[in-house]
Amino acid sequence: MFVDVHAHLDFPDFENDLAELLSQCKKQAISTIIVNGVDPASNRKILALSNTYPLIKPAFGFYPTHIEEESDEVIDQELQWIEANKPLAIGEVGLDKKEPKNFERQVFYFKKIILLAKKMNIPLIVHSRKAERETIDLLTELHAKKVVMHCFSGKKSLYKEIIEQGWSFSIPSLVSRVEQFQQLVMATPTNQLLTETDSPFLSPTKDERNSPLTIPQAVAVIAGLKKMDTTSMEELIFQNFQRLFL
Ligand SMILES: [Zn+2]
């Protein structure tokens, strides 16, 4: 069985054919798709989707650049809503320094979110674009244990720190054509590997909509890199998911 720990199936890209796509996923043995929320509207849509489709499991979050734009009241209320609605994980959350408008505000709320995930004893699915150093430091300072680094694009020198913390890397299906992710797979112990797509983004086929259907191909690529057979790698990654999330 396969798992996609990071997708955005609530996005309009999937509006017209979600039921059909999910039935194809089921046929391909994709048993769990964790859909990650980015703001209050997205979180509510994901809650509804998870009640309709058994394949979809909810992660509720607040995307770092949206945190810069929302009021304290909205964010604090949303964190209470997240706690009350018991998601499988908290995500997508983290820090983003690509074009930050108020990085201090991101840090302030990411701390609150880390503490909430600890209190709820559920994993954090973490975005760390161009802020990998700061993200690792905050998670370490607050002793976060259940952590998934989503689509990690930081320096190679940071891999070791993350591995030593016992956190996991979710490898995007883009691994089939991006060498940096292949190197990340090579550097990571197999029991710290998970799979994701970030659908509709990061398609391994240029300019196409990505979907969880690209997961089996990614597992085959990861198995090849680790010199294992595909079925064993599939089982191992699914066990990694179960150990961390269930
Ligand atoms: Zn994402």
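Predicted model only: the values in this text are computed from it and were never measured. (Residues numbered from 1 in each chain as written. Predicted model: local features only at pLDDT ≥ 70, side-chain atom pairs only at ≥ 80, totals over all residues. Heavy atoms only, no water.)

1. Describing the pairing of strand β6 (residues 147-150)
Side chains of β6 alternate between two faces, with V147 and M149 and V148 and H150 buried alike. Two elements, strand β5 (residues 124-127) and β6, share three bridges in a ladder whose sense is parallel. In the sheet register, V126 faces β6, and the bridge partner there is M149. In this fold, β5 hands off to helix α6 (residues 132-141), which returns the chain to β6; that crossover is right-handed. The pairing of β6 with strand β7 (residues 168-172) spans three bridges and is classified as parallel. Note that in β7 the partner of H150 across the bridge is S170. Remark: the β6/helix α7 (residues 156-165)/β7 crossover connection has right-handed handedness. (Buried < 20%, exposed > 50% of the residue type's maximum accessible area, 1.4 Å probe, protein only. Helix = DSSP H or I, 4+ residues; strand = E, 2+ residues; numbered from the N terminus. Pairing = 2+ DSSP bridges. Right-handed = clockwise from strand over helix to strand, strands pointing away.)

2. Structural notes on empty space enclosed by the protein
Enumeration over the complete set of coordinates arrives at one cavity of 30 Å³ or more. A volume near 30 Å³ is recorded for the largest cavity. Lining of the largest cavity is provided by F62, P64, I67, V93, G94, Q106, F110 and I113. Looking at the lining of the largest cavity, the elements that each hand over two or more residues are α3 (64-69), β4 (89-94) and α5 (103-120). Among the elements that make up the lining of the largest cavity, the one with the highest residue count is α5 (three residues). Residues that form the lining of the largest cavity fall into these classes: six nonpolar, two polar and no charged. (1 Å grid on protein atoms, 1.4 Å probe; cavity = no way out; pocket = protein on both sides within 12 Å on 5 of 7 lines; lining within 4 Å. Points joined across faces, edges and corners; volume = space filled by probe spheres on them. Nonpolar A, V, L, I, M, F, W, Y, C, P; charged D, E, K, R; others polar.)

3. Some words on α6
Regarding α6, the residues found buried are E132, T135, I136, L138 and L139. Buried residues of α6, viewed axially, fall in a sector of 165 degrees; they line one side. Next to the buried residues of α6 lie α5, β5, β6 and α7. Of the residues flanking the end of α6, it is H143, one or two places downstream, whose phi is positive at about 55 degrees. (Arc of directions from axis to C-beta. Contact = heavy atoms within 4.5 Å.)

Geometric values such as these leave the question of function open.
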